Structure formats: structure tokens, C-alpha cells
Amino acid sequence: MSASQTSDVPTLLVKIFGKDRPGITAGLFDTLATYSVDVVDIEQVVTRGRIVLCALVTEPAQGLEGNLRATVHSWAESMKLQAEIISGIGDNRPRGLGRSLVTVLGHPLTAETAAAIAARITRSGANIDRVFRLAKYPVTAVEFAVSGTETEPLRTALVTDAAKLGVDIAVVAAGLHRRAQRLVVMDVDSTLIQDEVIELFAAHAGCQDKVAEVTEAAMRGELDFEQSLHARVRLLAGLDASVVDKVRNEVRLTPGARTLIRTLKRLGYQVGVVSGGFTQVTDDLKEQLALDFAHANTLEIVDGKLTGRVTGEIVDRAGKARLLRRFAAEAGVPLSQTVAIGDGANDLDMLNAAGLGVAFNAKPVVRQAAHTAVNFPFLDTVLYLLGITREEVEAADILDLD
């Protein structure tokens, strides 16, 4: 029976709730099958071992509704469940135009915060159609399916509230693209890794404090990146090239980085990095993590010494956005299907060019400009913004061990 055919016919909403156990869903529909009803809709939720199962079905043949009700209640009682049956007309009301997915990350996610988010969605003129938990650790991640308003104004309203509520909120348009092939491109320093690579080199050159001061100013957007890069690299002139291997060994991946990349790759995503740092480190990371793309600046080495210069095209703020577009073209992925992750002002063009730009533990100017922000120290929490559940993450881990 088509949607138009069920729009004005009598229907019954059959609700079953109680302690979950195997066989409940099959048992209910076996019971309903006796009355030759059509299934219009099904919804089932299990929370802390308690099931709520709803079946919207067409009314049985004339004179049999009373028997159906008695049979369902009798079956439910035999299963130590409760049943409720409500008469009505037609299907669910149509969802409003403008559909979005709102992902909330909290540690913890309080009832007060959930109430504030729900109220904000309602005030925007939207309706919450479904709520689904994506993860319970290392953060609580919950996804709201929302309809009735456009994505952009909803995002603006909710992201503005996020900082006050102490949670991270991402709002994306719902649709088939959510599960389509995608490309994820990350910054390296203070995103994929915990370190600033140039500061690791500077520590060996004895000028770490001076370099760190310039780096911070550049990341805050107070200095032109290319000028600051040249100024910092000049301080490394004369450093022995053997330091490259030492720096590679000192690099620390951000917690959750391996899990993020492994899960994305298992799910068919392509993953790349762009860095204002150096190929001497990013090439090693590409091999180590099986990345699809990597691009960075290159420290010039002559006669076994760093010259204090970089070679080739500089990877700066605009360069990162250009590389995102190049990677997307090579991957055969529309720019709207790309995800960019970064923390500094030189990542902003890339974050804004991507379909979804994620500010990861970022500077204030970046958090304000990006589509969404993650302020937890685990890089794999980005997976939840893509609708990937903790169960899928763990399944990818198991597959990796096989």
C-alpha cells in the first residue's frame, strides 16, 4: 500500500514496552500477521535493557479489531511486557522541509544542556524527529534528526549556544551524502600530532623559546604565516641533518589519531594531511599511518646541514585550501563531501572551503569561524560528527586485528 493510500485509512499504533529479550519484535509481528494487517511504520529503541517497540499498522478487517487488541495484550502479558494500542487515521504527519543532523558532544551531557538544545531547536521553528546515541565514551555523543528549518540558521543558533553550554555541536544537512565516499584532510601540528615540529627542531638548535613566541603569534593570526615561517626557519641554519631522525622519533600523535584514521580507512574514506611544517616529518607520517595524501614545506639541506631556508611552494593559509581542492579532485570527491580539521588561523581557508570544517582544540578566532568545534583532547571524537558510532569504531578495530 502506497503512502497516498494510507493517508486517510484507519490505522492502529501498537506500542510495546518492558524488559528487552530476544524474540520480542518477531513475536509481535507474528501476532499481528494473524490479522493480515499492513505495516506502515516501525520504530524500536532499547535503553538500559528496556525496549520500546512501536508498530503503525492498518486496521484489520471489519469486526476483528477487538480480537486483535485482545490477542496483542495477551501475547504481551505472556512476555511480561506492557502493550498500548491507539486508533487513528493515516500515517505519521509529513516531516517538514529542511532536514538537518545535530550532533552534540558532552562530557558530561547534562539534562539541563539537553533541555536547552531542544528548546533552541524548537524556537528555530524545527521539530526533533529522532534522537540517537552515537557514543558513551570518551564523550557522550548524541545525534538529533531535525526537520522544519534550514541548516545554516539552525547551525548559527546552536553553535552560538554551544560555548555557553559547555558542549560541542555540529549541524549538517541530512541526506545521502552523509554515508557517501568522503575525503578527510587534517592539519598536522597540534592537530594530528601534539607537537609543533619547528619547535622540536628549535629545541635542538637552542632557540625554542624564540621560535615558540613567533609560532603562537602566527597561529593567532597576528603575523603573516609565510614571513613567520622564513623567520623561524632561519634560526635553524647550520643544524646537522641527523636531527631529522631525532625529531621524527620525538613526534607524539594526538590521542585518538590512529583510531580516527584506521576507522575512516576501514569505512572507505580517503585521508590526507597538509602542513605548514615539513616533509621531513609528514612523509614519515604518511607511510606510518597509510595516508592517501600528504603535502608540506621542505627544509633545504646542503652538505648535511640545514640551510635555514625552505624549498618549493610555501604551504600557507591559502595553500592549504588549494591543496584540499587538489586532493579532492584527485580523490574524485566533490568539495562538499570533504572534511577539514585544524587548529590555527592558517587553517581557516581550508576549514571554510571544506563541506565540514572542524576546529580541533583551536584558537578562539578559529572556533568562531569554523563550521563546528571539538574541544576534547581525543581526535577520534571527530568520527561522531560524521555519524559514525562507537560500535562502528570498535568493529573497525576488531577487523584490523583479524
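Quantities reported herein were computed from a predicted structural model and do not represent experimental measurements. (Residues numbered from 1 in each chain as written. Predicted model: local features only at pLDDT ≥ 70, side-chain atom pairs only at ≥ 80, totals over all residues. Heavy atoms only, no water.)

A. How the structure looks around the overall build of the protein. Looking only at helices and strands, one finds 16 helices and 15 strands in the protein. C-alpha atoms of the protein, sized along the principal axes, occupy 95 × 45 × 40 Å. Considering the protein as a whole, with its 402 residues, one finds that 49% of them fall into the buried category. Long-range contacts, defined as pairs at least 24 residues apart, comprise 66% of the intrachain contacts of the protein with a sequence gap of at least 6. For the protein, the exposed area adds up to about 18,700 Å²; of that, 51% sits on carbon and sulfur atoms. A gap of 3 Å separates the mean positions of the 42 positive and 51 negative side-chain charges of the protein. (Helix = DSSP H or I, 4+ residues; strand = E, 2+ residues; numbered from the N terminus. Buried < 20%, exposed > 50% of the residue type's maximum accessible area, 1.4 Å probe, protein only. Contact = heavy atoms within 4.5 Å. Areas by Shrake-Rupley, 256 points an atom, 1.4 Å probe, with all protein chains shown as cover. Lys, Arg positive; Asp, Glu negative; His and termini not counted. Charge placed at Lys NZ, Arg CZ, Asp CG, Glu CD.)

B. Structural detail: the layout of surface pockets. Reported here for the largest pocket is a volume of approximately 1,100 Å³. Looking at the largest pocket, it is lined by 33 residues, and the ones nearest its centre are Glu43, Val45, Asp129, Arg130 and Val131. Those elements giving two or more residues to the lining of the largest pocket turn out to be strand 2 (39-47), strand 3 (50-58), strand 6 (127-135), strand 7 (140-147) and helix 16 (390-401). Sort the elements by how many residues they give to the lining of the largest pocket and strand 6 lands first, with 8 residues. Here the lining of the largest pocket is built from residues that sort into 14 nonpolar, 6 polar and 13 charged. (1 Å grid on protein atoms, 1.4 Å probe; cavity = no way out; pocket = protein on both sides within 12 Å on 5 of 7 lines; lining within 4 Å. Points joined across faces, edges and corners; volume = space filled by probe spheres on them. Nonpolar A, V, L, I, M, F, W, Y, C, P; charged D, E, K, R; others polar.)

C. Spatial organisation of the sheet that holds strand 13 (residues 338-342). Sheet architecture is open: 7 strands sit in the order 12-11-10-9-13-14-15, paired in mixed fashion. Both edges of this open sheet fall to strand 12 (305-311) and strand 15 (372-374), since each of them pairs with a single strand only. Taken over all neighbouring pairs, the strand axes of this sheet differ in orientation by 25° on average, direction set aside. (Pairing = 2+ DSSP bridges. Axes fitted to C-alpha atoms, helices over the stretch in contact; angles between N-to-C directions.)

D. Structural detail: the packing of helix 4 (residues 111-123) against helix 5 (residues 151-165). Here helix 4 crosses helix 5 at 160°, and the two axes come no closer than 10 Å. By the angle between their directions, the pair helix 4 and helix 5 is classed as roughly antiparallel. In this structure, helix 4 meets helix 5 at a crossing whose hand is right-handed. The segment helix 4 lies against helix 5, with Thr113, Ala116, Ile117, Arg120 and Ile121 engaging Leu154, Ala157, Leu158, Asp161 and Leu165. Looking at the contact of helix 4 with helix 5 residue by residue, the classes come out as 7 nonpolar, 1 polar and 2 charged. (Parallel < 35°, antiparallel > 145°, perpendicular 65-115°, else oblique. Left-handed = near helix turned anticlockwise from the far one by under 90°.)

E. Geometry of the UniProt feature "domain: ACT" (unreviewed entry) in the protein. Mapped onto the present numbering, the UniProt feature "domain: ACT" (unreviewed entry) falls at residues 13-91. Note that residues 13-91 is 30% helix and 43% strand, and that its end C-alpha atoms are spaced 10 Å apart. (UniProt positions renumbered as here; feature names shortened; annotations may be inferred.)

F. Up close: the pairing of strand 11 (residues 293-302). Note that strand 10 (residues 270-278) and strand 11 share 4 bridges and pair parallel. Bridge pairing in strand 11 places Gly272 opposite Phe293. Since strand 10 and strand 11 lie parallel, the crossover through helix 11 (residues 279-289) that links them has a hand, and here it is right-handed. Across 4 bridges, strand 11 lies against strand 12 in antiparallel orientation. The residue of strand 12 that forms the bridge with Val302 is Lys305. Linkage of strand 11 to strand 12, two consecutive antiparallel strands, is achieved through a turn of 2 residues, within which Asp303 is found at a positive phi near 55°. (Right-handed = clockwise from strand over helix to strand, strands pointing away.)

G. Region of the structure containing the side chain of Asp195. One can find Asp195 in the loop between strand 9 (183-186) and helix 6 (197-205). Here Arg252 takes part through its backbone nitrogen, which lies 2.7 Å from a polar atom of the side chain of Asp195. Residues within four places of Asp195 in sequence aside, it is in contact with Asp189, Ser190, Leu200, Glu250, Val251 and Arg252. (Polar contact = N/O pair within 3.5 Å; in protein donor to acceptor, adjacent residues only side chain to side chain.)

H. Seen up close, the packing of aromatic side chains. Scanning the entire structure with this criterion turns up 2 aromatic pairs. Seen in terms of ring centroids, Phe201 and Phe278 are 6.0 Å apart; in terms of plane orientation they differ by 85°. Their pairing is edge-to-face. Of this pair, Phe201 sits in helix 6 while Phe278 sits in strand 10; the two residues are 77 residues apart in sequence, bridging distant segments of the chain. On the basis of relative accessibility, which here comes to 0%, the residue Phe201 falls in the buried class. Note on Phe278: relative accessible area 1%, which makes it buried. (Phe/Tyr/Trp six-rings, centres within 6.5 Å; stacked < 30°, edge-to-face > 60°.)

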